[in-house]
Each structure stands twice: as structure tokens, then as C-alpha cells.
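Each chain, letter by letter, is given below.
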Amino acid sequence: MSGLKSTALHGLLALSILLATLIARDAGAAETTAPSVAINFTFDRPPDASMAPFFLAAKDGRFGAERLNVSFNSAGGSPEALARLAKGDSELALVDINELIRFRDKDDAAPVKAVFMLFNRAPYAIIARGSRGIHLLPDLDGKTVGVADGDLSMRLWPALAQQNGVKATRVKFHKISAAVREPILSAGQVDAVAGFSYLSAVNLRDRGVPGADLVVLRYADYGCEAYGFAVVVNPGFAATKPDAVKGFVRALMAGITATVREPGRAAEEAASRIDDGDRNLELERLRTILADNILTDEVRRNGLGGVDPARFDRSIGQIAQDFKFRKRLTAGDVFDDRFLPPVAGRLIN
């Protein structure tokens, strides 16, 4: 009798093991075959070195590891990228956070929010020629500055001028096409131009303007509190696919870490996506971006991707000096930190 019981117990044990194995195998198979989430990601401008972390994340399979199928496309500016996002033509986009702030002030604006801050400091700058007597911001008094149509930096110029005792009416702004911004400065037709520090300054050096004659007056060095480029999400996608948004953020942070460790490889990947891209030129841009805009003291303290609410609110106050808000926004109206990992997982050396 005891032998029968023993045989029965062994049989039940074997059956239990078999069932557990089948269940685990089926679960593993289901996990392996789970469909990827498709993401159309829009950059607000053509490719440049600032996008290297995204491209490296794709190259290294970081998005695939998060079960994301990410495709990239470009728009003709932040307003167009936001319009695509609001319509649902894109799930995620990279835009200037200061344009998003203005976008959200519209009556019929979709509740689009940023979920990851890539540029902790805005790249706005005045790039000048030292040989024209410009070395500090107040030296712009009486000078002529070339400004491209739609240049967002001009929206913060009134606050910057007031903060630094510059008489805004004493600076002459000459409207130009973005395509001739660097050529007219190198030709001496203006004293300075407004632009991004990592684009215009590097372009001018590439055009043969001596580095010693270039003066980069970064807004951030003169009290501008503005953040820069941020990843924003379609509200419907954020509500229905929150894990995909979190996965995208994790993959992007891995791309940033890889970019910091291997800037040469990151620059090469960015250059490969640019018509006639120059790896050395993009590497110079990338090093400027990392030092000035991404790896700031605030980021080293608080980690990648987030914002300081008090600073964010101050930056909105600076925008308000040139923009009449219907209702004053706060950081929480524009930035959603629910998709960020805990701070410990966002710290970077």
C-alpha cells in the first residue's frame, strides 16, 4: 500500500513539474513575441549633434530592448513639431520647451507636456566679433545684430537686456534669413548674430573666422533661467501607453550615457544621418552641447531629465516680459515627471 502511495506521489510531482515547465515556457514565448510599440518621433529641425543620444540609443538597440519600434522624422521648427504631436501624427517629439510654454497658453491647445528635459540650459546666444569691440553683453550698445525670422532667443531678449542694464532700444536688430546668418557675420555686414551657441559659433569657425575673434555671449551666463530642448508626448499616447513612454526615457538615458562615454562614436553616428555630414565638426558641436547644455551643475546634482520647479517658474516669468499670458502657467502645467526613473537612476558622472 505504501508503495502505491509513493508511486502516486511521484506521479503527481512529475505532473506538477511538467505543468510548471509548460506554463513558464508559454509565458516566456508570449513575452518574446509581444508586439513592439511603434513610435513616430519628430525632431523640430534637421539632424545635428544634439540628437546624437537618440541616434546612439537606436544604433545600440536600446529602443528595441524596451520593445519599441522608433522611427525618426524632422519638422520645420518647434511649432510644426508640436502641431504634429497634437494631431497624433507623432507620439513623441523634441522641441524647444519655451515654444511649448507659449503653445500651451492658446485657448484650444492640446494638453501636450514634456516628459524629459534634454537641455538643462537653453542654447540661446549672441555670437559676436571681438574685433568689433564686443566682449560682454553691454558692449552690444549701438551695435547691429542679425536675427533670423522666428528666432526664439529674441523672445527672451527683453528680460536679458533689462537684467543686465542693456538699453534694448540701443541695439539694432537686422532681420535675416537663417541661411545667411553666419556668412553675413563672417563678411562683416553685422557686428553679431543671434543663434544657438553650438551651431553658429562652430559654423563660423568652420568658415575660417578666427576662434580668438569670436565671442559667444550665452544667455545662460547672463541670468537667463530658460531650459532648452525637451522630449514631449502626445497626451493620448501618454495615457494609453505609459510604459512605452517610460521605456523611451530609459533608452534615451542609456543613449546619453553612451554619448558621454564615447563622444567620437556618437558624433560619427550623428554625422552619418546628415547630408555631407562631417564627423569632426559634429564632434566639436557635441562637446559644446555636453559641456554647456546637458551636463550642467544642476544635472550633476539632481540627475538627467528633470526640472527644478522654482527655476522653471522663474523662466516663465522671464518669458512673460515679452509675452502676454492669458493665464500664468506653472511647471506642472508643462512638465510631467511621472515617466522619469527615481533620481538615483538618473545621476551621471
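Just above sits the structure.
Residues numbered from 1 in each chain as written. Predicted model: local features only at pLDDT ≥ 70, side-chain atom pairs only at ≥ 80, totals over all residues. Heavy atoms only, no water.

Asker: Would you explain the sheet that holds strand E4 (residues 113-117) in this entry?
Answerer: Hydrogen bonds along the backbone pair up the strands of a sheet, which may run parallel or antiparallel. Pairing in this open sheet of five strands is mixed, and the strands run E2-E1-E3-E10-E4 from one edge to the other. Among the strands making up the open sheet, the edge pair consists of strand E2 (68-74) and E4. Geometrically, the sheet is characterised by an average inter-axis angle of 30° between neighbouring strands, direction not taken into account. With five bridges joining them, strand E3 (residues 92-96) and strand E10 (residues 229-233) adopt antiparallel strand pairing. By the bridge assignment for E10, Leu94 is matched with Val231. (Pairing = 2+ DSSP bridges. Helix = DSSP H or I, 4+ residues; strand = E, 2+ residues; numbered from the N terminus. Axes fitted to C-alpha atoms, helices over the stretch in contact; angles between N-to-C directions.)

Asker: Would you explain empty space enclosed by the protein in this entry?
Answerer: To find the voids left in a structure, one rolls a probe of water-molecule size over its atoms. Tallying each qualifying case throughout the model produces one cavity of 30 Å³ or more. Quantified by volume, the largest cavity comes out at close to 40 Å³. Around the largest cavity, the lining residues are Arg121, Ala122, Pro123, Tyr124, Ser197, Arg218, Tyr219, Ala220, Asp292 and Asn293. Partitioning the lining of the largest cavity into residue classes produces five nonpolar, two polar and three charged. (1 Å grid on protein atoms, 1.4 Å probe; cavity = no way out; pocket = protein on both sides within 12 Å on 5 of 7 lines; lining within 4 Å. Points joined across faces, edges and corners; volume = space filled by probe spheres on them. Nonpolar A, V, L, I, M, F, W, Y, C, P; charged D, E, K, R; others polar.)

Asker: What am I meant to see in helix H11 (residues 263-271) here?
Answerer: Turn by turn, an α-helix covers 3.6 residues, leaving residues three or four places apart pointing in a common direction. Counting buried positions along H11 yields seven of nine residues, so the element is predominantly enclosed. Along H11, the residues classified as buried are Pro263, Gly264, Ala266, Ala267, Glu269, Ala270 and Ala271. Residues of H11 that are buried make contact with helix H2 (52-59), helix H10 (242-261) and helix H12 (279-294). (Buried < 20%, exposed > 50% of the residue type's maximum accessible area, 1.4 Å probe, protein only. Contact = heavy atoms within 4.5 Å.)

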